[in-house]
Amino acid sequence: MFRKILIANRGEIACRIIRTAHRLGLAAVAVYSDADRAAAHVALADEAWPIGPPPARESYLDIDAIIAAARASGAEAVHPGYGFLSENAAFAEACAQAGLVFIGPPPAAIRAMGSKSAAKALMLAAGVPVVPGYHGDDQDPDRLAAEAHRLGFPVLIKAVAGGGGRGMRIVADAQEFGAALAAARREAEGAFADQHMLIEKYIEPARHVEIQVFADRQGHAIDLFDRDCSIQRRHQKVIEEAPAPGLGAELRRSMAAAAVAAARAVGYVGAGTVEFIVPPGAADAFFFIEMNTRLQVEHPVTEAITGLDLVEWQLRVAAGEELPLARKELRRRGHAIEARLYAEDPEREFLPQSGRLRRLRLPPAELARVDSGVREGDTISPYYDPMIAKIVVWGEDRAAAVGRLRRALAATAVLGPATNLGFLARVAAHPAFAEGAIDTGFIERHRAALLARPSEVPAAAIAAAALHRLAARASAARAAQTAADRFSPWAENSGWRLGEPAAQELVLSAAGRSYRLAARRCGPGWQLEGVRGMFAAALTLADDGACRVTIDGVGRSLVVLDEGDALAVSLDGETWVMHEIDALAPPAGEELGGGKLTAPMPGKVTSVLVSRGSRVARGDPLIVVEAMKMEHTIRAPVAGIVAAIRYAAGDLVEEGAELVALEPAAPAEPG
Ligand code: ADP
């Protein structure tokens, strides 16, 4: 076995690999771009080497920089993770030339599977069924159109060099073909610098079922069961599970055999995944689409049902050992599901989001395995994949796993950029998901239900936020008092105070509405008025944000994250972001952004609408910031005079940066 390995990656997969390396007693070397100087994977590694500026092309994709770091650090082997250079044959070769072991397949196997067309030709020759289509060299648009016609619409145009769902277009009829081909070519040229396309019959409905394979240098090649990854958006996976539900034993066996044949056909070594399209309900039909010559994002579901550590297997195989187990020694137990928590906005076509994770609560270990590469306070940068965590649950059967997924998501909360948490919770709660009625059209078909967030903030969420704030006020008051005079009789902590008002007032805004609440002490809890009548409420808190709110005697678990002016309350997987509004300030108009003159998220100043000394009225636009492809207008929270403008058009701003300083002024008397 090696003594020291370098991980040529970042985020959760780098952390995940480092953990196994440490468990096996290996030293782990991280690499990092300037954007990741303080990242979790850097903190976790034994040493960390800088490899360049934030853009991946200049750091995590820079072969020379990574090889130089590996050599300088004395690492003996390089684990590429997934994405970045993991399927780059030139990188695998460069490692070998530098005397480093590449923890992955031989460069020839990467190359053979790197082109979807060449891979399909190889698979046909190996007797593996492939999706009907055209994967020839002739790239003349007329030829491609004729092939599409021959296959019959709908067809799928796919970039031969593709990945990540890019360079792909579904074409419904002949009229659309030319424009779709041109668009797919442009996208593929931008993403892969390669315009070659293949045409496939678009299979609909379809399930994405894949087989985990493993091979060693001694000639063993086996499968480690299957996974279903049909819950996809933009042809990209969001929820994966193992085993694939509802497949016949015969179909499972044939797919596994085909996958192992595929691995053998290219002289495979290490971990790989062979992906198939399966028409739902068909007893024996399955079609090869591609082989990923690396560890998959969703490998933890296979680990959960087999009890194995696939990274350990990768390290052993790369070090020249035989596969730790033979196929007949593998045991599969129960059912596992992985949900990918992303900073993205499901309501805006799942647009990636960035920003600081002001507060973050992930499910506890009793509920789920959590693989994450970020911590509370870290920033999801616009440079890389916006994944926050993979939440992996296990149960004795699928129903138990689905139930645990719901509970794990309900125990999760993020205060920071928008996430897909509510969306994931709605998938997990959907009856069709519970039945296992899944295919790649699931999200599109159930779109309305999956995007519909309840229109009213539940009273329990408002009550929990309010009581959390009241508890914070009380402890701040106690701390101030204790600091002032530790020995004073007034520092005594009974909850009774001289002159304490009969009711505490609190104004919370949530989902575009504001709630003016009055709270009175009542026994161990509170009498709360202002949200749907009056009720008795109490809150018990744990350190990690988990709470129990009791309303008129009925208790519910939820999560409250509280920081600065904002709170996030997560109830049944739905997150409600609320702001406490200063009850004494004049009521704010809806565009006033809580009275802040700060950037709502990292972005770029597009225009400055006032100058120093300008007199502005409340609500006047001051400055416009573009962030995540949206414009945000910062308006004056009160009438005043512009005292300073901190940025000019074109400047990049951090989240929370003060943009304009405003001196409040008495509004001009009407003349
Ligand atoms: P990429 O490498 O870009 O991820 P894939 O070839 O793996 O592209 O396909 C991504 C997804 O697109 C698949 O998981 C599946 O949902 C869908 N898909 C691919 N090929 C077909 C097909 N021929 N018919 C229907 N759906 C397909």
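Residues numbered from 1 in each chain as written. Predicted model: local features only at pLDDT ≥ 70, side-chain atom pairs only at ≥ 80, totals over all residues. Heavy atoms only, no water.

Enquirer: Help me understand the overall build of the chain in this model?
Expert: A tally of helices and strands in the chain yields 17 helices and 38 strands. Over its C-alpha trace the chain gives a radius of gyration of 28 Å, about what one expects of a compact globule, namely 26 Å for 671 residues. Viewed in the frame of its principal axes, the chain has a C-alpha envelope of about 85 × 55 × 55 Å. Counting every position in the chain, which comprises 671 residues, the buried fraction comes to 52%. (Helix = DSSP H or I, 4+ residues; strand = E, 2+ residues; numbered from the N terminus. Rg over C-alpha atoms; globule rule 2.2 N^0.38 Å. Buried < 20%, exposed > 50% of the residue type's maximum accessible area, 1.4 Å probe, protein only.)

Enquirer: What am I meant to see in helix α12 (residues 398-410) here?
Expert: Each α-helix winds once per 3.6 residues, and so residues spaced three or four apart point in a common direction. Across its 13 residues, α12 extends 18 Å between first and last C-alpha, which sits within 8% of the 18 Å expected from 1.5 Å per residue. Burial in α12 covers these residues: R398, A401, V402, L405, A408 and L409. Seen end-on, α12 carries its buried residues on one side only, within an arc spanning 125°. The outward face of α12, more than 90 degrees from its buried face, is lined by the exposed residues A399 and R407. Buried residues along α12 sit against β12 (236-242), β15 (335-342), β22 (387-395), α13 (421-429) and α14 (431-435). (Expected span 1.5 Å × (residues − 1). Arc of directions from axis to C-beta. Contact = heavy atoms within 4.5 Å.)

Enquirer: Mind showing me how you'd approach the environment of L609 here?
Expert: With respect to the helices and strands, the residue L609 is situated in the loop between β32 (603-608) and β33 (615-616). In this structure L609 comes out as partly exposed when scored by relative accessible area, which is 45%. As for L609 and I623, which are separated by 14 residues in sequence, their C-alpha atoms are 5.5 Å apart. Once residues lying within four places of it in the same chain are set aside, the contact partners of L609 are P621, L622, I623 and V624.

Enquirer: When you look at the confidence of the model for the chain in this model, what are you seeing that I'm missing?
Expert: Interpreting fine coordinate detail is not advised for predicted regions of low pLDDT. Confidence in the prediction for the chain averages 91 pLDDT; 94% of positions are at 70 or higher. Across residues 492-496, confidence stays below pLDDT 50; counting only partners more than four residues off in sequence or on other chains, it has three contacts. (pLDDT = per-residue confidence, 0-100.)

Enquirer: How should I be thinking about the packing of aromatic side chains in this particular structure?
Expert: Note on aromatic pairs: each is described by the distance of the centres and the angle between the planes. Following the criterion strictly, the structure yields 10 aromatic pairs and no others. Ring centres of Y60 and F84 lie 5.1 Å apart, and the angle between their planes is 25°; on these two criteria the pair is classed as stacked. Separated by 24 residues along the polypeptide, Y60 in the loop between β3 (47-52) and α3 (63-73) and F84 in the loop between β4 (77-79) and α4 (89-97) bring together distant segments of the chain. Using a relative accessible area of 0% as the deciding quantity, one classes Y60 as buried. The class of F84 is partly exposed, set by a relative accessible area of 29%. (Phe/Tyr/Trp six-rings, centres within 6.5 Å; stacked < 30°, edge-to-face > 60°.)

Enquirer: Even after reading the chapter, I still don't get the sheet that holds strand β6 (residues 133-134), so can you show me in this structure?
Expert: Adjacent strands of a sheet pair through backbone hydrogen bonds, lying either parallel or antiparallel. Here four strands make up an open sheet; going across it, the order is β6-β9-β7-β8 and the pairing antiparallel. Since the sheet does not close on itself, it has two edges, and those belong to β6 and β8 (168-171), each with one partner. Pairing of strand β7 (residues 155-159) with strand β9 (residues 197-201), which is carried by five bridges, proceeds in the antiparallel orientation. Pairing of V155 across the sheet is with K201, part of β9. Sitting on the sheet, helix α6 (residues 116-125) is in contact with β7 and β9, with an inclination near 55° to β9. (Pairing = 2+ DSSP bridges. Axes fitted to C-alpha atoms, helices over the stretch in contact; angles between N-to-C directions.)

Enquirer: Quick question: what am I supposed to make of the site of the ligand here?
Expert: Near the ligand there are 21 residues, and of these K116, G165, H208, Q232 and E290 occur at the shortest range. Within the side chain of Q232, a nitrogen or oxygen atom sits 2.6 Å from an oxygen atom of the ligand. The protein chains hide 96% of the 550 Å² of surface that the ligand would expose on its own. At the level of elements, β7, β9, β13 (270-278) and β14 (287-292) are the ones that each hand at least two residues to the shell around the ligand. Split by domain, the residues of the shell around the ligand number at least three in each of domain 2 (132-201) and domain 3 (207-450). (Near = heavy atom within 4 Å. Polar contact = N/O pair within 3.5 Å; in protein donor to acceptor, adjacent residues only side chain to side chain. Areas by Shrake-Rupley, 256 points an atom, 1.4 Å probe, with all protein chains shown as cover. Domains from an automatic or database assignment.)

Enquirer: What am I meant to see in the environment of A465 here?
Expert: The topology assignment puts A465 in helix α17 (residues 459-484). Spatially, the C-alpha atom of A465 lies 40 Å from that of G81, the residues being 384 residues apart in sequence. Ignoring anything within four residues of it in the chain, the contact list for A465 reads L508, L567, V569 and M578.

Enquirer: What am I meant to see in the sheet that holds β4 here?
Expert: On the basis of which strands lie adjacent, the open sheet formed by five strands has the order β3-β2-β1-β4-β5 and parallel pairing. One side of each edge strand has no neighbouring strand; the edge strands of this open sheet are β3 and β5 (101-102). Here two bridges tie β4 to β5, and the two strands are oriented parallel to one another. Along β5, the bridge assignment pairs V78 with F102. Contacting β1 (4-7), β2 (27-33), β3 and β4, α3 crosses the sheet at an angle of about 155° to β3.

Enquirer: When you look at the state of the cysteines in this model, what are you seeing that I'm missing?
Expert: Here, disulfide denotes a covalent bond that connects the sulfur atoms of two cysteines. Taken as a whole, this structure holds zero disulfides when the rule is applied. Residue C547 stays outside any disulfide, its sulfur separated by 20 Å from that of C522, the closest cysteine. (Disulfide = S-S within 2.5 Å.)

Enquirer: Mind showing me how you'd approach the domain arrangement of the chain here?
Expert: Quite often, the size of an interface is put as the accessible area lost when its parts meet. Entries for the chain in the domain assignment read domain 1 (4-103), domain 2 (132-201), domain 3 (207-450), domain 4 (459-481 + 492-581) and domain 5 (596-664). Across the contact, 33 residues belong to domain 1 and 28 residues belong to domain 3. Summed over both sides, the interface between domain 1 and domain 3 buries roughly 2,100 Å², with carbon and sulfur atoms accounting for 59% of that surface. Of all residues in domain 1, the largest losses of buried area upon contact with domain 3 belong to E12, R16 and E87, amounting jointly to 27% of the total for that side. The interface formed by domain 1 and domain 3 holds six salt bridges in total. (Buried area = accessible area lost by both parts, 1.4 Å probe. Salt bridge = Lys/Arg side-chain N within 4 Å of Asp/Glu carboxyl O.)

Enquirer: Looking at this structure, I do not really get helix α10 (residues 299-306). What am I missing?
Expert: Most of α10 sits inside the fold, with seven of its eight residues counted as buried. Every buried residue of α10 is accounted for by H299, P300, V301, T302, E303, I305 and T306. Once α10 finishes, G307 follows within two positions and takes phi at roughly 75°, a positive value.

Enquirer: Just to check I follow, could you spell out unusual backbone geometry for this structure?
Expert: With the exception of glycine, most residues fall at negative phi, and the peptide bonds are largely trans. The amide bond that connects F153 to the next residue, P154, takes the cis arrangement and shows omega of 0°. Note on placement: P154 falls in the loop between α7 (141-151) and β7. Of the consecutive residues A242 and P243, the connecting peptide bond is found in the cis state with omega at -10°. Mapped onto the elements of the fold, P243 is located in the loop between β12 and α9 (249-265). Unusually for a residue other than glycine, R532 sits at a positive phi of about 40°. Checked against the element boundaries, R532 lands in the loop between β26 (525-529) and β27 (534-541). Of note, D552 is a non-glycine position whose phi angle comes to about 45°, a positive value. Within the secondary structure, D552 is located in the loop between β28 (546-551) and β29 (554-563).

Enquirer: How should the side chain of E312 be read in this particular structure?
Expert: On the secondary structure map, E312 appears in helix α11 (residues 310-318). Given the relative accessible area of 16%, E312 is considered buried. A polar contact of 2.8 Å, which involves the side chain of E312, links it to the side chain of R23. The contact partners of E312, leaving out residues within four places of it in the chain, are T20, R23 and L24.

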